[in-house]
Amino acid sequence: MLRISKTFFVLTILSMLFISMAFGGEIPLSLSHLNSLEWNFNLNGENVTAWWVYSTPSSTERGKYINIPAQNEGAVCVDDAARAIVLYLQLYEENGDRSLLNEAKGGLNFLMAMENEDGESYNFVFPNGQINKYGSTSQKSVSWWTVRSFWALSMGARIFKQVDPSYSSKLLSHALSAFKAIKSSLNNGLVLGYSDLSSVYLLGLSNLYEIYPSDEIAKTAQIVGEGILSTQIKNNENFMNGVFFTNKELYYWNGWGARQVQALALAGRIFNINQWIK
């Protein structure tokens, strides 16, 4: 099993390298499919943007896709929208294309409309434009969707501070509400006891601190960062040395939502904790 795992890892890295070389060192990025998933609609009196969770190839038009909802869940969700928003914001920071900010703004409006007064978010919206408030993957709670929304809202507040201070303040208010709601769920320094979920929270904390520096945010970030580090394997004899487990009790790793390295590297710079970067 160990040998197979190492071989698969090496082949994956080599494949990525060959693809990169074929495109002159850069892998081209196309937003065409993501843009085709976009849904602009009115939610509780607000014009918002979200992205359909699924699509399927058209049976009549070659190269076309038909957007479809997740059965019994909804058409669009906060969980996916937040990740699309982060992408648009990151690309804007790289190239300064204002059209990317417009895409992000519609999505940020969606996140704010889906956030409850207590800082927790609902997740799905049905195709008829109604919020799914009671489904197990949609009810308001401290969850993946609330934590990802917090990350996107905090990043949006930081970036819009330079181009639209008034809108940035609105985003900041929602980010602070989510910050407090998620903070109340900490268990041994981890959001609900999970390091992968906490890594997304730490990314949000780093962005939030840059626009709203406070001792509370800094202390929370340190607690969460140390909590994440407590789940890392530190054994030079183990080929998984350096890997972060999901939490202290469940000794398994997965890459879904696992941003521990990214979160610690960013937070280490923002909060000046070199050990996290190392």
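Structure: see above.
Cut-offs and rules
- Residues numbered from 1 in each chain as written.
- Predicted model: local features only at pLDDT ≥ 70, side-chain atom pairs only at ≥ 80, totals over all residues.
- Heavy atoms only, no water.
- Helix = DSSP H or I, 4+ residues; strand = E, 2+ residues; numbered from the N terminus.
- Buried < 20%, exposed > 50% of the residue type's maximum accessible area, 1.4 Å probe, protein only.
- Areas by Shrake-Rupley, 256 points an atom, 1.4 Å probe, with all protein chains shown as cover.
- Contact = heavy atoms within 4.5 Å.
- Axes fitted to C-alpha atoms, helices over the stretch in contact; angles between N-to-C directions.
- Parallel < 35°, antiparallel > 145°, perpendicular 65-115°, else oblique.
- Left-handed = near helix turned anticlockwise from the far one by under 90°.
- Nonpolar A, V, L, I, M, F, W, Y, C, P; charged D, E, K, R; others polar.
- Salt bridge = Lys/Arg side-chain N within 4 Å of Asp/Glu carboxyl O.
- Core = buried A, V, L, I, M, F, W, Y, C linked by side-chain atoms within 4.5 Å.
- Phe/Tyr/Trp six-rings, centres within 6.5 Å; stacked < 30°, edge-to-face > 60°.

### Brief notes about the overall build of the protein
Okay, step 1: Looking only at helices and strands, the protein features 10 helices and 8 strands.
Okay, step 2: Residue burial in the protein is summarised as follows: out of 278 residues, 47% are buried.
Okay, step 3: Of the roughly 15,000 Å² that the protein leaves accessible, carbon and sulfur atoms contribute 52%.

### Considerations on the environment of Ala-81
Okay, step 1: Position of Ala-81 relative to the elements: it lies in helix 3 (residues 78-95).
Okay, step 2: Judged by relative accessible area, which is 0%, Ala-81 ranks as buried.
Okay, step 3: With 68 residues separating them in the primary sequence, Ala-81 and Ser-149 have C-alpha atoms 8.3 Å apart.
Okay, step 4: Excluding its chain neighbours within four sequence positions, the residues that come into contact with Ala-81 are Trp-51, Phe-110 and Leu-111.

### What to know about the packing of helix 3 against helix 4 (residues 98-114)
Okay, step 1: Between helix 3 and helix 4, whose axes approach to 9 Å, the crossing angle comes to 150 degrees. Relative to helix 4, helix 3 is oriented roughly antiparallel. Here the hand of the crossing between helix 3 and helix 4 comes out left-handed. Contacts between helix 3 and helix 4 involve Val-78, Ala-81, Ala-82, Ile-85, Tyr-88, Leu-89, Leu-91, Tyr-92 and Asn-95 from the first element and Arg-98, Leu-100, Leu-101, Glu-103, Ala-104, Gly-107, Leu-108, Phe-110, Leu-111 and Met-114 from the second.
Okay, step 2: When the residues that make up the contact of helix 3 with helix 4 are grouped by side-chain class, the tally is 15 nonpolar, 2 polar and 2 charged.

### Section: the pattern of salt bridges
Okay, step 1: Inspection of the entire model under this criterion finds 10 salt bridges.
Okay, step 2: With a closest N to O distance of 2.5 Å, Asp-118 and Lys-140 form a salt bridge. Highlighted residues: Asp-118 in the loop between helix 4 and strand 6 (124-125) and Lys-140 in the loop between strand 6 and helix 5 (144-160), separated in sequence by 22 residues.
Okay, step 3: Exposure remark for Asp-118: the relative accessible area of 35% places this residue in the partly exposed category.
Okay, step 4: Connected via shared salt-bridge partners are Asp-79, Asp-80, Arg-83 and Arg-148.

### Regarding the nonpolar core
Okay, step 1: Of all hydrophobic cores here, the largest spans 76 residues; its most connected members are Phe-110 and Leu-111.
Okay, step 2: Sorting elements by how many residues they give to this core places helix 5 first, with 11 residues.

### Remarks on the packing of aromatic side chains
Okay, step 1: Counted under the stated rule, the structure contains 7 aromatic pairs.
Okay, step 2: Ring centres 5.3 Å apart and planes at 50 degrees place the aromatic pair Phe-150 and Tyr-201 in the tilted group. Residue Phe-150 is located in helix 5, and its partner Tyr-201 is located in helix 7 (residues 195-211); the two are separated by 51 residues in the primary sequence.
Okay, step 3: The buried category is assigned to Phe-150, whose relative accessible area is 0%.
Okay, step 4: Between Phe-160 and Tyr-167, the ring centres sit 5.0 Å apart and the planes meet at 75 degrees, which makes this aromatic pair edge-to-face.
Okay, step 5: What makes Tyr-167 buried here is its relative accessible area of 7%.
Okay, step 6: One aromatic cluster in this structure is built from Trp-39, Phe-41, Trp-52 and Phe-110.

Structural measurements only, silent on function.
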